[in-house]
Every structure is written in C-alpha cells, then in structure tokens.
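Read off the chains here:
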Number of protein chains: 2
Amino acid sequence: MSFFKLFINFRTINNIFGKPNWFTNIQIMKIPFIKKSTFGLLLLFQMAVAQEHPSLVLTPQSVKDIRAQLGKVPLFDASLADVKFEVDAEIALGIEVPIPKDFSGGYTHERHKRNFLIMEKAGVLYQILGDEKYAVYVRDMLLAYAKLYPTLPLHPQERSYARGKIFWQALNDSNWLVYVSQAYDCVYDFISPTDRAHLEKDLFRPFADFISIGSPQFFNRVHNHSTWGNVAVGMIALVLHDDELLDRALNGLKNDGLPPGMKDSDGGLIRKEGQKTGFLANVDEPFSPDGYYTEGPYYQRYAMYPFLIFAEALQNNKPDLKIFEYKKGILVKSVYALLNLTNSAGEFFPLNDGQKGMSYYSRELVSAVDIAYLFGGKDPSLLSIAEKQARVSLNSPGIAVALGIRDKLAKPFEKKSIDLSDGTDGKQGGVAIIRNKTGNDELTLVMKYAAQGLSHGHYDKLSFSYYHNATEILQDYGLARFVNIEQKGGGNYLKENTTWAKQTIAHNTLIQNETSHFNGDFETGNKFASEKYFYDGSNPKIQIISAKENNAYPGTTLHRTMALIQEDGFERPFLLDIMQVDSKTANQYDLPFYYFGQLMSENFSLETPKSLEPLGKKNGYQHLWKEASATLSEPNAKISWLDEERFYTLTAVTHPNDEVLFVRTGANDPNFNLRRDPGIIFRKKNAKNSTFVSVLESHGSYSTVTESAVNASSSIATLEIVYEDPYYIGVNIKNKSGVSSLLLFSTKDNSAVKKHQLKIKDKTYKWTGVYYKTTNK
Amino acid sequence: MSFFKLFINFRTINNIFGKPNWFTNIQIMKIPFIKKSTFGLLLLFQMAVAQEHPSLVLTPQSVKDIRAQLGKVPLFDASLADVKFEVDAEIALGIEVPIPKDFSGGYTHERHKRNFLIMEKAGVLYQILGDEKYAVYVRDMLLAYAKLYPTLPLHPQERSYARGKIFWQALNDSNWLVYVSQAYDCVYDFISPTDRAHLEKDLFRPFADFISIGSPQFFNRVHNHSTWGNVAVGMIALVLHDDELLDRALNGLKNDGLPPGMKDSDGGLIRKEGQKTGFLANVDEPFSPDGYYTEGPYYQRYAMYPFLIFAEALQNNKPDLKIFEYKKGILVKSVYALLNLTNSAGEFFPLNDGQKGMSYYSRELVSAVDIAYLFGGKDPSLLSIAEKQARVSLNSPGIAVALGIRDKLAKPFEKKSIDLSDGTDGKQGGVAIIRNKTGNDELTLVMKYAAQGLSHGHYDKLSFSYYHNATEILQDYGLARFVNIEQKGGGNYLKENTTWAKQTIAHNTLIQNETSHFNGDFETGNKFASEKYFYDGSNPKIQIISAKENNAYPGTTLHRTMALIQEDGFERPFLLDIMQVDSKTANQYDLPFYYFGQLMSENFSLETPKSLEPLGKKNGYQHLWKEASATLSEPNAKISWLDEERFYTLTAVTHPNDEVLFVRTGANDPNFNLRRDPGIIFRKKNAKNSTFVSVLESHGSYSTVTESAVNASSSIATLEIVYEDPYYIGVNIKNKSGVSSLLLFSTKDNSAVKKHQLKIKDKTYKWTGVYYKTTNK
C-alpha cells in the first residue's frame, strides 16, 4: 500500500504545488514500473481505503483539501514548515523510549512527553506530505511502546492519587493517549494488520483500560484530569471503532466502587454523591452558560485541547451528536470566555491555581481558536488572535483560519467589560472584568466572586486584581509551583501552594481573625459561591461590580462594591473600592493590597522593627514578614508608590486606631519557593460592622532618561463616607481643584426600577436604580 | 529690524520649501508696503547685522544652511516639528517665573528648569522659522527673570554646599545659564538695546558673578558641577564678547580663598592643593586618554552637554583654540567611551553614583553624538546611534547627522570588548568591558578597577557586574536616589546612598572584616587606584581582565582575574572569577554576588532563621537581612536560579567551614528607600591568604507558555584549583561529558614574552605569556 500511496501523494502534490520550496527536501521514491495508465485505478483503490482512516481530526477529504492548498496559504505553509523542521530534527535524533522514572521536568518525563507530541505531528506530516519516513517513525515508536508497556508496573514516583505507568500521573498517561490516538489514526493504513493487532492488544486497549477501569478515582470525576482521561479513551475508541469504549468515554464508568468523600493529592474532592461522569458530564458541569470554566482560566486552557479536539473528532465521526451545539454551543462559547480572561498581552488572569505568563499563545489556544473559528461560524475577530499566534493547526480548522487571514478577513478582537457567570446554571457567582481603554492604555479590574473552583480553587471570595495593560498594579499571587522545573519539587505543586497561595491572606480580599474563608476547608468552600448583587459595564464613565459573600465566615456578611470611574480632574480613571463587613460578633478584619514597585511616601509615621518577625503563625500569615506598621489618626491614609515608570496612590478612609501593616512574602520559606512581593494591609480590630473604602489612582509618570517626574502626587484632597446605614452607602471624593464626585449606592435593593430618596447634610437626593453618581465643580 | 527679518525669513522658507506642512501654522505677518524691488537691499542689511548674532551654537551661516534644507531632511524636519509642538504648547500656557522654593521634583524647581529648556528651544525656533512670537516669548521671560533675580536671596533650601538663587544648588543655576545664554544669543538682535542693557546689568552679569566669584567652592574645582559653572560663565562671556569672563571660564578664579580640604555636601573634596581649575582643567584632568571620565558614565553623560556645547561655541568663536584637537581630541573620544559604556539597550552601566535606566537616548547624548559626528570626522557608525535616538539637535551638527541618515550613510556602531583606562595620564586603573555576542545574545562583563571617581565614587575596587543583553545577571546597585522625585528626599541623594550604595558590601567585590575599602574614607580612597595586570579581549574564545588592588586594606593585596570563556560542551560562554587575597594578618573575607530572580536549588542544606536580623551593624551590613546561611563541606558549592526565563548556576570552589549567606537589602531602611534585592555572600573566616574561584553559567531557558524547561541544570561536574603558589594559579573546569578546561595563569609576571613551565600532577606545561588555556576531551 505504502508504495502506491506515496506515488499518488507525490503526483498530487506536484500537480497542485506551483513552487515546491520547503518540501524539496522530501525524499521521493520513484517507482518506474508503474505506468501512467494505471494511475486512475490506483487512485480509486486509495480512496476506498482512505475513507476509513484517518478519521479523527484529519479525514481523507480534509487531507485532500489541505493538499490542494499547499503553497498557497502563507500561514499554513509556515506552520507546516515549522512542524516539519521540528519533526525532522527529532527523527534525526532517533527513537528513545526510556523506562519511566522521573517527575515532570526530569528526563524520562520530558522524553515521553516529547514523544507523544512529535508522534502526533509526524502522523499529520505523513498525511499531508505523504513521506513514508514519518509513518515509519510513528510505527516504530509505537512498536517500542507496545514492547515496553506490558512490562510496566505503576510509575515509581508515588506522589499522585492516580499514578500512571509511563508518567507519574494517570493524567499525563492520558495526555499521551490523546495525542498518540491521532498519530495512530494517521498511520493506521500504513501499519500492517499484524502490527495493528499487536499494538491494539498490547498497548492501546490495556492503556485505555488502565486509565479508566484501572483508575476510577481519576477517570470518574468532574475535573480537568478526568476530561483528559475521558477524551483519551474516546479518541482511541473512535480510531478502533469501539462503541463500548466510546460510551465509557462519553458517560463514564457505570460502577467505579469509589468511596464517597475520597480526595485527590491536592485535597480536591473526587466525586460528589450521585454526580454524573464522563466527557458529557465534564462539558455539562464545570462550564457556566457564559463559558467560564469553574477551575479558572489556567486550567480551562489546559482542558481546552481535549475538549475541542475530541469535539472535532466526534463531529467527524458522530455528527448526529451535534457536539458543537451541545449546551447551547458551550464549547465554542468557552473559547471566547477564555480570550476575554486575558490581559493586553494575551496572558490569562492567574485566578485560582494559575501560572503567570501562560497565554493565548499556548498550543492549546492555537488549536482552540482554530476550531472555534471553523465550527463557530467563522467569526473574523478570531482571525486577529490567530494572526498574533502566528501559527495554525495542521488540519481543517487551521487551514480555514490561514485562508481567512490570507484573504484579509481579520477584524480586531475587542475585549470589552464582561461579567462571566460561574456554575453549571450560571448562578454560582462569577468573575467580572472591567476595562477602561484610552488609546494604548488599558486599566483592567478583575473581580472574582465565583464558586470554589474545585480542587484548584483558592479561598478568595470577593478578591480582585488590577492591571495597566499587561502590568500588574495589584496582583493575584497565582500558584506556588514551577511547572515542569524539576529542581523545584519535581515541577509539582509546592507545599507553599497550600500554606500560602490558596490562603485568603494571599489575596486582595477581607480576612476575619486571621482565618481563611471557610476556615480553609475545601468541602465547605465547595458548597458555596458568592452572590452577584449588581453589575453595569455599559457606561465608560462609571463601571460597577458589586457582590456579596454570606458564607465565608458564619455570622458575617461581606459586600464589596468596586467601581472604575473616569472623572474630570483626574488624569486617569481611578478605582473605588467599598468593602462592607457586617458581623454579629466583634472581630479583627484585614484587607490587603499586594502592589509592586517602590514605596514613595505615606502620610503617617511608620514604625520599622529592628528584626523581622512573621505576621502570624498560620493560614498564610506565617509567610509574611512584617516590615513596618503604623497606627492611624488622620481621616485618610495615603500611600504612594512608583512602578514601571508610573505613580500610584492608594487613599483610604480610616478611623482612629486603624492599623496599616507593610508586609512581604518569604517568611517560613526554607526553600525560597515564594517570591518576595510586598503588600499593604489595612487592619481594623475588635469591630463588628466595618467599612473599608479606598481609591486607587494611577497618575503621572517618571522617566529614567529625561529624569522628569510628572504628576507625581495624588489628585485627591479628601475621601469620605458621607452616609452609611443598612440600606445605603454614600462616598464622596474631593479632588485638589475642589471638584467633588459623589456616589450613592443602595446596598440592599438591586432593582433597576426602584426609586430612592436620601437626605445627606440637608440635601435630598433622588434617583432610580441601584446607584446615583454626580460631580460638583 | 524684526519686520524686515521676518519678511526675509518668510520669503526664504517659501522659496525652498516645497510642501509647507507643519509650518503652515506659523503666523506670517504680511507687510504690503515693502515692494519686491527692495528685497536685495534688505537682505544685505540683514546679513551685516546677523554676523554678530547668533554666534554661539547657531551662526548666521549655519542658520542660512539649515533654512536651505528645510523640508528636505526627514529627521531634522521631524525634530523641528517636535520642538515646535512642545514650545507652542508652553507658549500657550503663558510665562510663569515663580519665587524659588522647592527641591528638585517640586513645582518651582521643575518650572524654572522647564523655562530654561524651553527658552533655548524658542530661541532656536526664532532663528530657524523666523516667527517673532518665539523671540517675544524669550524676551518677555528674560525680562521677568531680570525683574526677579535682583530680589533673590540664597535659595531657601539649605542642603547644598553651594546654594543657588533660582534653584537649591548653584549647579542648577548654572544649567539655567548654559541654556539661557543660547536663547539670549538667538534673540539678541530682536531685543532692543535698552532691554539688552537692562538684562545684562540686572541678570546676566550678576548671575555669572554669583556662580563664579560668589560660589568659588562650586566654581573652582574639577568636577561635573564646576564644568557646568565654567561653561555657564563661558557661554554668556561669548555672547557678551567679554574676554575677562571668558578667561574666568576657561582658567578658573585666580584667587578663590578656599580653605584646603573643604568638602561638598556629598563628602567630596572641593580641591586638591595646587590644582588647576576652570574649563580647560576640567577637560584635562577627569578624562583619561581613552575618554573615560573618572566620575563614571552617569555623570559623564550629565557633563557631556556643557563640555560639547561649549566646545562648539568656542570652535565658532575662537577657532584658534582648536578645542576639538585639545588633549588629542579627547572631547570626541569621550563620546565613544560613553557609547561603549552602555548595555544592548543603550543604558549606561551604573558605575559609582548612577541612576539605572539613563541611556544614550537622553538629550545630552543626542547633542553629544551630533557634535561628535560633525566635529569628529563624520564617522558613519555614529549615525546608527542617531537613528535609534530618532531626533537631532536643531543646529549644524544636527542637520549634518540628519543628512547622513537621509543619505543612508549609517553603519552599525559595533560595541566590542574594550579596556578603558582611568586617570589624567591613563594610569589610574580602568574599566574593562568584555563582550561575547552570538546573534542577538550578548553577555557582557563590566569589571571596574578604576580610581575613586571623585565625590560620586563608590568603594568598590575590583567589583563587577554582568549582563545578558540589557538584563542584569549580577548587578551593581547604582545610587540610592530618585532623581527629581520630590517625595523621596526632595529628589536628592538619600542617606542610604552613603550608608549602603557607596559601601563595598553593596558591590560584587571582596570585603575584609566587614569594613569598606579605605575604611570608607574619601580622602584615602581618592589617593589610590587599582592596577591593571593583564587584559586581552582579542580572542573571543577566552577574554581576560586581571587587576590588583594594594591599598584598599593596608597589609592586604587583592588580585582578581576574570575570564569570559566560550567552550565546547557549554551552551553559552561562562564567566570564570578568581579572587586572590593575600594578607599579613588573619581576617574574615566576604565575596558577594547580587543576582536577580528566584532561587532554584543549592547543593547544600540551608538554615533559615525564624526571624530576620541585619547581617551587621555598619558599613552597609546593617542594610542586609540575613535570610539563610550554610556551612559548607563539599568541595564545590552550586547555586542555581531562574531569571527572565533563563537559568543561571554559580559553582564555587569551597573549603571546609566556608560559609554561604543569603541576604536581601532592606534592613534599617525606615523610609523604604532601598530596593529589596537578593544576594549570595561567600564567607571565609580567620584566613590570611584565600582564593575564591567560581564559574557562573547562563544556561537553558524556561517558557511560561510552553512550560518547557530546557537545559535547566549546570554543565559543570567539578571546579578545582589544581595548582596555586605565589606565582601561578591553575583552575580546571570539568563538564558533565568529561571535557576539561584548564587555565594556568601567571600571577606575578605579566610579560607577553616570558616563558613559563609548570608541573602539575606529573604533567609539565610550557607556555609563553601570561596564561595557558587548554581543553581536554
């Protein structure tokens, strides 16, 4: 077969390909004994066989269509050339299938990972270029795996709740099968029936059984882990045309025998009572109707590849399932949610466990954007993202995107303010992203009032982060892990992820009595979500998100209202933050702000200790050095800092005996696993009801070249709570030119049509809806 | 006059200027009663007058030449348009001449500074565009200053050793006069003789007298301060054609009555016994024959403007002085030295007091590069720097550069390894810059073995910093100051500049007994310089700088040899550092390495304290928190870190009971004036002769997008001192593939022709010259 195929491929490519450039290096076998007259017959024979394989992502028809476009679509050609260069280099190095030993970042882990990534690419190259060497490479490596796999015990590293055989986690074994199923599909016809029988018996079927039946605690959950497991089994099921396996993938194991309440290695719950499992349950449950994935964008990115590549395979093989219409087209919608969850550099906001710097330039997002484009109605704004990615997948979605770009159909993908609901039904809180863009300057507020986020969730109800373009003004710490860097705990989660990164004090939100939300208890946290109170992103002059949290501390309710306000008399929009705490008991309340840069000034005197002590003993407080403190007496505390050539001033309403603490991470960190980042904590002691109000200004600039400091001081003269009762709060911001901005906010009634009336200092204000905003010059 | 001039300007511009674009906004006064036939006469009259003024930087001829090119030289036109836009905006705001009050960064300081910068530009615009509004603006502002100046006492801020009247320092007053002399020169003819007499009597002459006769401690020294003072007096002298003033500028005050040993506010010596003063002395003394300025590049940049602008004015007015040939053309040479003292982003290495981020994009360097081009033989490589600067000065040098760029004459300015001598005679040590560039990756070693550097010098003999392109791998802290940021100590030097930044422990060099070099005594330090032992930058495979310091600690000699070595078996060049200490007494030796980024691993166990204490009590040690420590037992200590997506490993030869300290700045810093930067200190206790040997590798990469860690580990298996006696040292570096790199170095004889023979482990090595290097595979 292979001789014939190769001959046809060669002809096909030569016919359509005007200028052979990058593919001139392909070794073409000339077969002189086949005459031109036999061509028609060979072609028919070829097509009859090819209708069966490839059948997952590529199909005989899509391969034909792609070949017809080779040399005509620049971005596709460039991506193909890159992949060819990469795969050729690996083929030149030879096949290595080492005995599994290492954690992520270690040699055997990285080698096996590279193997599955390269096999998938080699399979695709074989289909597109028709060069047999790629098929040979895949076949020989598969045979090596088929020889090794039956000999493998569980992976020697014992840390995971679900160990794999090739990797330390069944999760990574599943990654392997998702990619290798595609490779096998591409070279299926090339491999002899005897070898195929051997591979299926000794490798693929036991592999699929091991990660499913053999690892129910991994396979039968709702989690990004099991998504990979389900899809791995589903992909090989489609290649093998095995409907039992496919059903297992789509609907989970019928009887898993798992004890209720079982936890994974990160402390995450395996499965709730009566929960559905399998791929469809993993689509149903973690995505909100807006496409937000409850674990957060970092893991959504990770899961996007199996979700979408399997959806594409299902669409090709089981079109009646209409997977892209499932749950109102949630899979495509989720790609948009993910793109909106990025800063101006395309980096995901590091909500929950998320490694900073991960972005829509990752391979998962290239494939996701391509698939969303082709199966989601060819939205031209996705093309502008693909243009930035500067590569496409080597399949139908990829060539569709590359054609769109070539034909100049791309339109800008405009990220506007958006409020993304969380929860299967969209009623478990959410994440609001409020943006204010002027020219190339974008300020972005990311306010999180979502559900727990499964095992990768942080205890950070009503927390937020704040950006100037891609620069973090106030940060979310993200995870405590160096993914795939072996020196750092085998590339896995570090202890400090639990003791610091997940704790409430690591976030810009309220902590009561130095205890994390839900007392840091996963099961409790998993039951509750914050509650949206009000969102309005329609007026660029004032955009508001307001949400409540009633369960983080029993007997205490938190209500946070944040507004990004664009006001005359201020150089840039400022961020107003109102955090209202209402408790039955007297408590200590801490509200941190984790900034970056160098402190410039503060309007109170600081006490700095001679030696540094940790701020507390547990719940993350043990990781903070207390660098300075102050007891406040003025009605406003003002703290300014300089970061990346911009000035920032935080002005806060304070009450006598309020404290301010200047802290820095790094205490009780014997392995230097944490960054040394600074924070400011406002503390109120022995208080029942308390309200924290602050305004964060971004102002001016400093250049180290001109050495000119422009607008280096805050524009705020006074910040005042002018009214507060159980139903309303009024805040007034007076700038240095005497202009007053007044915001009145109804805190108990969020009806848009409700009429309000409020008398403050002999003046009566009347309005309809949740808030009233006025500017007095 | 002004009517006539304007008319001519209008005609001239219209005749030569094809497309009037940016200058269409210029208000043109039409003078209908002047007939075309009178044009020739008017032109003659104009030229006769104009031969006298402008006469400093612009001349009637250069103005004519510039006008003839308007609209034809894109970079000049763009620079002109930018300046016009800036000046027009200031004119629209109106003239403000406030009563002096503030430090740098404060309102009155910044306003007066802006005034002189804008006046100079307005004067130039008047000459080039001929629009009277610019002359009116300059005249009116000068009159306002002439009204204010006689009423001014000394500036109310008392911190400076030489207070000004408009500014807190006579230095800034001098800045003012350097710029304003040029403005006055440009509008001289426009101003009525009466007004001129008033300005000269009430403003310029008393101003020049005050900063010279009135401030001898400022004017009569060799220092960047007095350079500004000399040039200020010299510039106004040239405008007023006053030879007595000019002599004062060139040769200083004859009798200054200054007590010997007087100090400035930064502790710098005012004047050595019998020292020459004035501009020529300031050219003679601080520049080495290689053009290195003893204060370091940051202040060289600052002084470059008065040096060169005055040189240009002298060339125009006193060509017989041949100022550009003075001291073998040192002024132009110094521009090259300065350009070589930059990293790949054009930022100056922050030697001595230097604010990081200052670069050749500063206004001083724009003017310096333009002048060096025109008066230094039109070197096309300077054009490539000017292209990056993307603007030119609005004068003859500027248009020459812009023409060169337009005519595509630019060639790359290639920064090669260079050893710059320090000292008037080039015999007071120096600064070696060793570069290794492959593609876009440049590693740069900056090794300082210079003289004290006057009052802005640091106590950092044989210190170094190390760069990957513009990224600091090992840093020089730079200064402790936020120039022009009022909140931070009025923008002036902070206390921590003395207590931290100048101290030896703030630098990557050896500290004996926790005491700074020369015991931190300026006068002692000022007497000595380190001694060059050997430099060879000719072989890219191994570039070496070696220098000795015999005076920093009486009874102790330091000999540091550093080599940037490019070797097979290593991904990138590595840095070998050999610090030999020879003392008559037993001491404690500390050798710090100030890195950036996150620690990855170390091959020894760390002790981390529960609370942080400062490392010491004085000499900068009081500013370091001791974050961790270890006592070593292995023959090699290995410490790895990750910074900006690259891995680094420092491998050091250690002896039993050597210590390693992990430190961070920020202790005893009540105002948060210091950055919180980490460092590693190797400590040997109670030792006489000691040798520190280490290798710093840059290796691999990490991407937060692919999450792939490549070559994350050191390639070094062992690092060993294989031989050491008073005359030789031998170091062997064995990599993990078994390849050995051996360096044998003669430490007492630096002759290039001396023959050496050395027997190590039964093998005899023979070579000629200072070192022998071999690789055994």
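Since this is a predicted model, take the numbers as computed values, not measurements.

Peer 1: Go over the interface of chain A and chain B with me, naming the residues and quoting the values.
Peer 2: Between chain A and chain B, the contact holds 51 residues from the first and 51 residues from the second. Where chain A abuts chain B, roughly 4100 Å² becomes buried across the two surfaces, and 52% of that area is made up of carbon and sulfur atoms. Its largest share of buried area at the contact with chain B, chain A owes to Gln487(A), Phe672(A) and Glu707(A), together 17% of the area lost on that side. Across the contact surface, chain A and chain B share two salt bridges. Measuring nitrogen to oxygen at the nearest pair gives 3.6 Å for the salt bridge that ties Arg676(B) to Glu627(A). There are 23 residue pairs in polar contact (both at pLDDT 80 or more) connecting chain A and chain B. Every element with two or more residues in the side of chain A that touches chain B is listed here: α13 (297-317), β12 (598-602), β13 (624-631) and β16 (659-665) of chain A. Here the element with the most residues in the side of chain A that touches chain B is β12(A); it accounts for four residues. When its residues are assigned to classes, the side of chain A that touches chain B shows 24 nonpolar, 15 polar and 12 charged.

Peer 1: With reference to specific residues and values, describe unusual backbone geometry.
Peer 2: All names here are of chain A. A cis amide bond links His-53 with the next residue in sequence, Pro-54, at an omega value of 0°. By the element assignment, Pro-54 lies in the loop between α2 (39-50) and α3 (60-69). Phi angles above zero are rare outside glycine, and Lys-328 is one such case at about 55°. If you trace the backbone, Lys-328 turns up in helix α14 (residues 326-340). Of note, Asn-657 is a non-glycine position whose phi angle comes to about 75°, a positive value. Mapped onto the elements, Asn-657 comes out in the loop between β15 (646-653) and β16. Residue classification places Asn-657 among the exposed residues on the basis of a relative accessible area of 57%.

Peer 1: Now, about the packing of aromatic side chains: what can you tell me, with residues and values included?
Peer 2: The full count for this structure, using the stated rule, is 78 aromatic pairs over all chains. Ring geometry for Tyr336(B) versus Phe413(B): centroids 6.2 Å apart, planes at 25°, classification stacked. Within this pair, whereas Tyr336(B) is found in helix α14 (residues 326-340), its partner Phe413(B) is found in the loop between α17 (396-406) and β1 (418-421), the two being separated by 77 residues in sequence. Under the relative-accessibility criterion, Phe413(B) is labelled buried at 15%. Aromatic side chains Phe464(B) and Phe593(B) sit 6.3 Å apart centroid to centroid with 70° between the ring planes, which places their arrangement in the edge-to-face category. With a gap of 129 residues between them, Phe464(B) in strand β4 (residues 463-468) and Phe593(B) in strand β11 (residues 587-593) connect regions that are remote in the sequence. An aromatic cluster of three or more residues is present, and its members are Phe116(A), Phe167(A), Tyr179(A), Trp228(A), Tyr298(A), Tyr299(A), Tyr302(A) and Tyr305(A).

Peer 1: Describe the relation of the copies chain A and chain B, listing the residues and the values that go with them.
Peer 2: Rotating chain A by 180° and translating it 0.0 Å along the rotation axis places it on chain B, where the RMSD comes to 0.1 Å. Expressed as an axis order, the relation between the two copies is that of a two-fold axis. When C-alpha positions in chain A are compared against the rotation axis, the closest is assigned to Leu612(A), at 2.4 Å.

Peer 1: Provide a residue-level description of the domain arrangement of chain A, including the pertinent values.
Peer 2: Quite often, the size of an interface is put as the accessible area lost when its parts meet. Residues and elements named next belong to chain A. On domain assignment, one finds that chain A holds domain 1 (1-211), domain 2 (286-415) and domain 3 (418-776). Its C-alpha centre places domain 1 at a distance of 51 Å from the equivalent point of domain 3. Each partner contributes residues to the interface: domain 1 has 10 residues there, and domain 3 has seven residues. Of the roughly 570 Å² buried at the junction of domain 1 and domain 3 (both faces included), carbon and sulfur atoms supply 35%. Looking at the side of domain 1 facing domain 3, the largest losses of area belong to Ser-104, Gly-105 and Arg-159, adding up to 58% of the total buried there. Linking domain 1 with domain 3 are zero salt bridges, by the criterion used here. There are three residue pairs in polar contact (both at pLDDT 80 or more) connecting domain 1 and domain 3. Here the side of domain 1 that touches domain 3 is composed, by residue class, of two nonpolar, four polar and four charged.

What counts, and where the lines are drawn
- Residues numbered from 1 in each chain as written.
- Chains lettered and ligands numbered in written order.
- Predicted model: local features only at pLDDT ≥ 70, side-chain atom pairs only at ≥ 80, totals over all residues.
- Heavy atoms only, no water.
- Contact = heavy atoms within 4.5 Å.
- Buried area = accessible area lost by both parts, 1.4 Å probe.
- Salt bridge = Lys/Arg side-chain N within 4 Å of Asp/Glu carboxyl O.
- Polar contact = N/O pair within 3.5 Å; in protein donor to acceptor, adjacent residues only side chain to side chain.
- Helix = DSSP H or I, 4+ residues; strand = E, 2+ residues; numbered from the N terminus.
- Nonpolar A, V, L, I, M, F, W, Y, C, P; charged D, E, K, R; others polar.
- Buried < 20%, exposed > 50% of the residue type's maximum accessible area, 1.4 Å probe, protein only.
- Phe/Tyr/Trp six-rings, centres within 6.5 Å; stacked < 30°, edge-to-face > 60°.
- Least-squares fit on C-alpha atoms with pLDDT ≥ 70 in both.
- Domains from an automatic or database assignment.

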